[in-house]
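# Summary of the model geometry
Below, each chain spelled out in residue letters.
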Amino acid sequence: MSLWIAQNFVPLMFLGLFFILLSGIPVAFGLAATGLLFGYIGMELSNVHPDVLHIGASLFQALPLRVFGIMQNDTLLAIPFFTLMGIILERSGMAEELLETVGQVFGPVRGGLAIAVILVGALLAATTGVVAAAVISMGLISLPIMLRYGYNRTIATGTITASGTLAQAIPPSLVLIVLADQLGRSVGDMYAGAMIPGLVLVVLYMAFVLVMTLIKPQSAPALPPEARTLRGGAMFTRVLTSLVPPLVLIFLVLGTIFIGLATPTEGGAMGAVGALILALMRRKLDFDLLNQAMDKTAKLTCFAIFILIGATVFGLVFRALDGDLWVEHLLINLPGGKIGFLLAVNA
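Attention here is on the structure that accompanies the text. On a predicted model such as this, the values are computed, not experimentally measured, just so you know.

## What about the overall build of the protein chain?
- When you go through the protein chain residue by residue, the secondary structure sums to 16 helices and zero strands.
- Projected onto the principal axes, the alpha-carbon positions of the protein chain cover approximately 80 × 45 × 35 Å.
- With 347 residues in all, the protein chain has 43% of them scored as buried.
- For the protein chain, the share of sequence-separated contacts (at least 6 apart) that also reach a separation of at least 24 residues comes to 75%.
- Accessible surface computed for the protein chain: about 18000 Å², of which carbon and sulfur atoms make up 70%.
- Treating the 17 positive side-chain charges of the protein chain as one cloud and the 17 negative ones as another, the clouds have centres 15 Å apart.

## Section: the nonpolar core
- With 63 residues, the main nonpolar core has F82, M146, I177 and Y191 as its most contacted residues.
- Beyond its immediate stretch of four places on either side in the chain, M146 contacts L113, A114, V117, Y151, A156 and I160.
- Membership of the second largest hydrophobic core comes to 22 residues, among which are F38, L45, F314 and F318.

## Points about the side chain of S219
- Here S219 lies in the loop between α11 (187-215) and α12 (232-258).
- When its relative accessible area of 7% is taken as the criterion, S219 is described as buried.

## Side note on the packing of helix α5 (residues 78-91) against helix α10 (residues 174-183)
- Where α5 meets α10, the axes come as close as 10 Å, and the angle between the chain directions of the two elements is 175 degrees. For the element pair α5 / α10, the angle class is roughly antiparallel. Contact residues: A78, I79, F82 and T83 in α5; L174, I177 and V178 in α10.
- Across the contact of α5 with α10, the residue classes tally to six nonpolar, one polar and no charged.

## Considerations on a nonpolar patch on the surface
- There is a patch of nonpolar side chains on the surface, built from F236, L240, V244, V248, F251 and L252 and spanning about 560 Å² of accessible area.
- Mapped onto the elements, L252 comes out in helix α12.

## So, the environment of G16
- Counting through the fold element by element, G16 comes out in helix α2 (residues 9-22).
- With relative accessibility at 13%, the residue G16 sits in the buried group.
- C-alpha separation for the pair G16 and G35, spaced 19 residues apart in sequence, amounts to 9.8 Å.
- If we skip the residues at most four places from it in the chain, G16 touches T34 and F38.

## What to know about unusual backbone geometry
- Positive phi, close to 60 degrees, is recorded for R283, a residue that is not glycine.
- Mapped onto the elements of the fold, R283 is located in the loop between α13 (264-281) and α14 (287-320).

## A word on the packing of aromatic side chains
- Applying the stated criterion across every chain, the model contains four aromatic pairs.
- Between F14 and F18 the ring centres are 5.4 Å apart and the planes differ by 75 degrees, which places this aromatic pair in the edge-to-face class. One end of the pair, F14, and the other, F18, are both in helix α2, four residues apart, so they sit about a helical turn from each other.
- A relative accessible area of 24% means that F14 is categorised as partly exposed.
- According to the relative accessible area criterion, F18 is partly exposed, its value standing at 45%.
- Ring geometry for F29 versus F306: centroids 6.2 Å apart, planes at 55 degrees, classification tilted. Remark: F306 occurs in helix α14 and F29 occurs in helix α3 (residues 27-48); sequence separation between them is 277 residues.
- Under the relative-accessibility criterion, F29 is labelled partly exposed at 49%.
- Relative accessible area serves as the criterion here: at 45%, F306 is assigned to the partly exposed category.

## Topic: α14
- Taking 1.5 Å of rise per residue, the 34 residues of α14 would be expected to cover 50 Å, and the 49 Å separating its terminal C-alpha atoms lies within 8% of that figure.
- Count one or two residues on from α14 and you reach D322, which has phi positive near 60 degrees.

## Digging into the side chain of T301
- The topology assignment puts T301 in helix α14.
- Dropping the residues within four chain positions of it, T301 is found in contact with I79 and P80.

Rules used in this analysis
Residues numbered from 1 in each chain as written. Predicted model: local features only at pLDDT ≥ 70, side-chain atom pairs only at ≥ 80, totals over all residues. Heavy atoms only, no water. Helix = DSSP H or I, 4+ residues; strand = E, 2+ residues; numbered from the N terminus. Buried < 20%, exposed > 50% of the residue type's maximum accessible area, 1.4 Å probe, protein only. Contact = heavy atoms within 4.5 Å. Areas by Shrake-Rupley, 256 points an atom, 1.4 Å probe, with all protein chains shown as cover. Lys, Arg positive; Asp, Glu negative; His and termini not counted. Charge placed at Lys NZ, Arg CZ, Asp CG, Glu CD. Core = buried A, V, L, I, M, F, W, Y, C linked by side-chain atoms within 4.5 Å. Axes fitted to C-alpha atoms, helices over the stretch in contact; angles between N-to-C directions. Parallel < 35°, antiparallel > 145°, perpendicular 65-115°, else oblique. Nonpolar A, V, L, I, M, F, W, Y, C, P; charged D, E, K, R; others polar. Patch = residues over 30% accessible without salt bridge, like charges linked within 9 Å, V, L, I, M, F, W, Y side chains within 5 Å. Salt bridge = Lys/Arg side-chain N within 4 Å of Asp/Glu carboxyl O. Phe/Tyr/Trp six-rings, centres within 6.5 Å; stacked < 30°, edge-to-face > 60°. Expected span 1.5 Å × (residues − 1).

Any functional reading would require information that these geometric values do not contain.
Have a look at this one:
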């Protein structure tokens, strides 16, 4: 039995990670626990079957240096900056005003409110990078309105959750910062690569809503005339005041990163300052808002850093056993070439 475990140690470790994560343990602790548990088992098995498996007792001596390496990584400074920017924008009422304005613009169209939610989700994704902020604000603001005007509950909730998670794909995404660190690529490259797929998702979501309005017109009705309160000059002024500030902020943050004027950390710092200025212009910036934003930023940043520490513990053992090569060979040998690889990874 011990020989079989030693021969199949890498796939067992891979399956063990899935089992621990599915048990409900937080990701950071699940990764670290898997690495430590299998590292200990591997050391014991190495004494019994040194010709099959070899994990030295000195393996974990490299762990403190790796943890210090994470804490000293300047790129990860972008996480608290983008988080602070997103939370300040969310708490200052930008999401609510955006939804109301875009909802009025698309109100006469069937499914207009759902399209507005998707577009605002994309805008929030490009200004916040925090999934929770986008989903919570969209759910609290738009769900009651959509249900009040006769939207199908499934379409309403599905649209909100789908558009809220655009913050994972559209830069400045915290997930992309963590991935860049793990893959050893620049954050700018990750942002550039994710932009087009993120926008394609937005178009596909809107196309789905439009198709649903053709198949089931009553599932996403247009706003009644009495609900469309903004018209003419008032509509134009509201669009300018609601849409232009976040678009300018998006350009300042992402534009400067893409054209190479600023690093992601510097772009995040500019974004945080821009969010504070916008909150000040809306007269929403006070000590209570700052206190809430900084508290939430500290918690989310610690959450992200702990995931990286957990991944380092897991990766230390997994790579010591050439687990990365095992996964690579597993995926390379899939039928269908690149398309088969993409289908398997997404599944």
